[in-house]
Amino acid sequence: MSKLVIDGKHKMEGEIYVQGSKNAVLPILAAAILSDGKNVIYNCPKLRDVDMTIEVLKNLGCRVKREKNSLEVDSYGIHSYTIPEELMRQMRSSIIFLGAIISKFGKAEISMPGGCEIGNRPIDLHLKSLRQLGVEITESHGFIHCHAENLQPAYIHLDFPSVGATENIMLAACMIDGRTTIQNAAREPEIADLQRFLNRMGAKISGAGGDTIVIDGVHKLYGVEHTIIPDRIVAATYLACAAVTGGTVVLKNADSSHMGAMMNVLKEVGCKVHADKSKIILLPAKKLTAVGTLKTMPYPGFPTDIQSPFMALMTQCDGTSIFVENIFENRFQHIEELVRMGADIKVDGRVAVVIGKSELTGAKVVARELRGGASLVVAALAAEGITEIENVKYIDRGYESIERVLSLCGIDIKRKE
Ligand code: UD1
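Residues numbered from 1 in each chain as written. Predicted model: local features only at pLDDT ≥ 70, side-chain atom pairs only at ≥ 80, totals over all residues. Heavy atoms only, no water.

## Considering the overall build of the protein chain
Here is step 1: Looking only at helices and strands, one finds 14 helices and 24 strands in the protein chain.
Here is step 2: Against the globule reference of 22 Å for 417 residues, the protein chain gives a C-alpha radius of gyration of 21 Å, in line with a compact fold.
Here is step 3: Reported as C-alpha extents along the three principal axes, the dimensions of the protein chain are approximately 65 × 45 × 40 Å.
Here is step 4: The burial tally for the protein chain puts 58% of its 417 residues in the buried class.
Here is step 5: Taking all contacts inside the protein chain whose residues are at least 6 apart in sequence as the whole, residues at least 24 apart take part in 72%.
Here is step 6: A total accessible area of about 16,500 Å² is found for the protein chain, and carbon and sulfur atoms account for 49% of it. (Helix = DSSP H or I, 4+ residues; strand = E, 2+ residues; numbered from the N terminus. Rg over C-alpha atoms; globule rule 2.2 N^0.38 Å. Buried < 20%, exposed > 50% of the residue type's maximum accessible area, 1.4 Å probe, protein only. Contact = heavy atoms within 4.5 Å. Areas by Shrake-Rupley, 256 points an atom, 1.4 Å probe, with all protein chains shown as cover.)

Structure, rendered in structure tokens:
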């Protein structure tokens, strides 16, 4: 098993080319099965989650070729409407294929993500919306069976602006005759990127980025070329890394217009942040100062995905910060590890109180999930001495060669097998 070994207290200085967005590329790869031709998708990060998605595509019968960060997806030979259990278990977000497969075949069979039961659970919004589009859904032997004789357009109000459910509806509805409307849609930039990709293929979708998305069904979609947007969470993570080391970084291929809530926090802690359309420069704070309360919210609010990396940043700020995690209830697993490194953090349910500044010291810690793992990297850069982070596989789900990116900026970081 790989681990990252980081010797802290080195100043981070340099330029980083921000990778393509993981959360944009996954639904766009699922959308690629809808065309009759080849799609070429540029700026695809090399990540475990992208590799798993390619496995799903191949399993369905697509041919996929990677050349550096470009993926060519040829869905001509697609023949299967099933995603097997081993693939669903490895990546919950494979659920995003459901809408695309139903659109393509009028039926789909996928194993339950994580083996859970249908009911009052995290894919209920996906299934409720698909039912509104005329999909009959049954459950047996750990599989979800979907069948649609006649898909029909619908007016769908999402009870919560779920990112995945919004994407699944767009994928399922873009070739249904008539107009489908999603109200209370998720507004994330990755959804707008999916709209751009689908429209380039010939779909007629408008409104993504706002809370109402209108989908007018078309009969055919064509293969196209598309470049994935930059990853706003990765960009903000590297800004947090630079901030805790008192360094200066320049992010290239970054889109600050997707990062408002995160940029505000960085400015409030005292960093100077300059941004133009594709570049962000972060200059160090004279003194890092806590910002009060940060509540995770759907976009354009403060993202749940940056909560843990920014919590590591707050351990280096003078004063008290309060984090309220409103999106996922189990996203505080990194706190135990940060405390091992010397952080002063108390948790009560969905609220974490961070008292800074703490003098962190290197320790052996374990990444338990992707963003929590990234928060340990941020903490390690600020810590005195060596930190060993086990379970790098989680960090690899979302950060392309994190050790290469950081060592090019002067950080002492190595991967050990
Ligand atoms: C996506 C992102 C993930 C990010 C999250 C929130 C991808 C691949 N992943 O995940 O990185 O953290 O958005 O910004 O894009 N929910 C239900 N029922 C449902 C669906 C969701 O109750 O049917 C709940 C979830 O349990 C969670 C909340 O809604 O509490 C948000 O989930 P959602 O927006 O769907 O996140 P994902 O699409 O899974």
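## Concerning unusual backbone geometry
Here is step 1: The peptide bond linking Tyr299 to Pro300 adopts the cis configuration, its omega dihedral lying at 10°.
Here is step 2: Within the element layout of this structure, Pro300 appears in the loop between strand 18 (292–295) and helix 10 (307–314).
Here is step 3: At the junction of Gly356 and Lys357, the peptide bond is cis and its omega measures out at 0° in the coordinates.
Here is step 4: Looking at the element boundaries, Lys357 is found in the loop between strand 21 (351–356) and strand 22 (364–366).
Here is step 5: The phi dihedral of Asn43 falls on the positive side, at around 65°, and the residue is not glycine.
Here is step 6: Unlike most non-glycine residues, Lys68 shows phi in positive territory, near 50°.

## Section: the sheet that holds strand 14 (residues 225–227)
Here is step 1: What the four strands build is an open sheet, ordered 4-5-3-14; its pairing is mixed. The outermost strands of the open sheet, each flanked by one partner alone, are strand 4 (63–67) and strand 14. On average, each strand axis in the sheet is inclined to that of its neighbour by 15°, with strand direction left out of account.
Here is step 2: Where strand 3 (residues 38–42) meets strand 5 (residues 70–74), four bridges bridge the pair, whose relative direction is antiparallel. When the bridges of strand 5 are listed, Asn39 appears paired with Val73.
Here is step 3: Across the sheet, helix 2 (residues 48–60) is in contact with strand 4 and strand 5; its angle to strand 4 comes to roughly 150°.
Here is step 4: Lying on the sheet, helix 7 (residues 189–201) is in contact with strand 3 and strand 14; it crosses strand 14 at an angle near 165°. (Pairing = 2+ DSSP bridges. Axes fitted to C-alpha atoms, helices over the stretch in contact; angles between N-to-C directions.)

## A word on the site of the ligand
Here is step 1: Within the structure, the ligand sits among 18 residues, and Pro122, Asp124, Ser162, Asp305 and Ile327 are positioned closest to it.
Here is step 2: The separation between an oxygen atom of the ligand and a polar main-chain atom of Val163 is 2.8 Å.
Here is step 3: Asp305 places a side-chain nitrogen or oxygen 2.6 Å from an oxygen atom of the ligand.
Here is step 4: Listing elements by their share of the shell around the ligand, those giving two or more residues are helix 5 (124–132) and helix 6 (163–173).
Here is step 5: When the residues that make up the shell around the ligand are grouped by side-chain class, the tally is seven nonpolar, six polar and five charged. (Near = heavy atom within 4 Å. Polar contact = N/O pair within 3.5 Å; in protein donor to acceptor, adjacent residues only side chain to side chain. Nonpolar A, V, L, I, M, F, W, Y, C, P; charged D, E, K, R; others polar.)

## Details of the sheet that holds strand 6 (residues 82–83)
Here is step 1: Read across the open sheet, the four strands follow the order 6-7-9-8; overall the sheet is mixed. The sheet is open, and its two borders are formed by strand 6 and strand 8 (136–140), each paired with just one other strand.
Here is step 2: The sheet contact formed by strand 7 (residues 107–111) and strand 9 (residues 143–147) spans five bridges and is antiparallel. Within the sheet, the bridge partner assigned to Ile110 lies in strand 9 and is Ile144.
Here is step 3: Across the sheet, helix 4 (residues 97–105) is in contact with strand 6, strand 7 and strand 9; its angle to strand 7 comes to roughly 150°.

## Brief notes about the packing of aromatic side chains
Here is step 1: A complete count under the given rule lists three aromatic pairs for this structure.
Here is step 2: Between the aromatic rings of Tyr81 and Phe105, the centroid separation amounts to 6.1 Å while the plane-to-plane angle is 55°, which identifies the pairing as tilted. Note that Tyr81 is positioned in the loop between strand 5 and strand 6 and Phe105 in helix 4, a separation of 24 residues in sequence.
Here is step 3: Looking at Tyr81, the relative accessible area reads 27%, which means it is partly exposed.
Here is step 4: On the accessibility criterion, Phe105 (26% relative accessible area) is partly exposed.
Here is step 5: Considering the side-chain rings of Tyr238 and Tyr399, the 6.4 Å spacing of their centres and the 75° angle between planes classify their relative orientation as edge-to-face. Of this pair, Tyr238 sits in helix 8 (residues 232–245) while Tyr399 sits in the loop between helix 13 (392–395) and helix 14 (402–407); the two residues are 161 residues apart in sequence, bridging distant segments of the chain. For the pair Tyr238 and Tyr399, a shared accessibility class is recorded, and that class is buried. (Phe/Tyr/Trp six-rings, centres within 6.5 Å; stacked < 30°, edge-to-face > 60°.)

No statement about biological role is implied by the geometric values presented.
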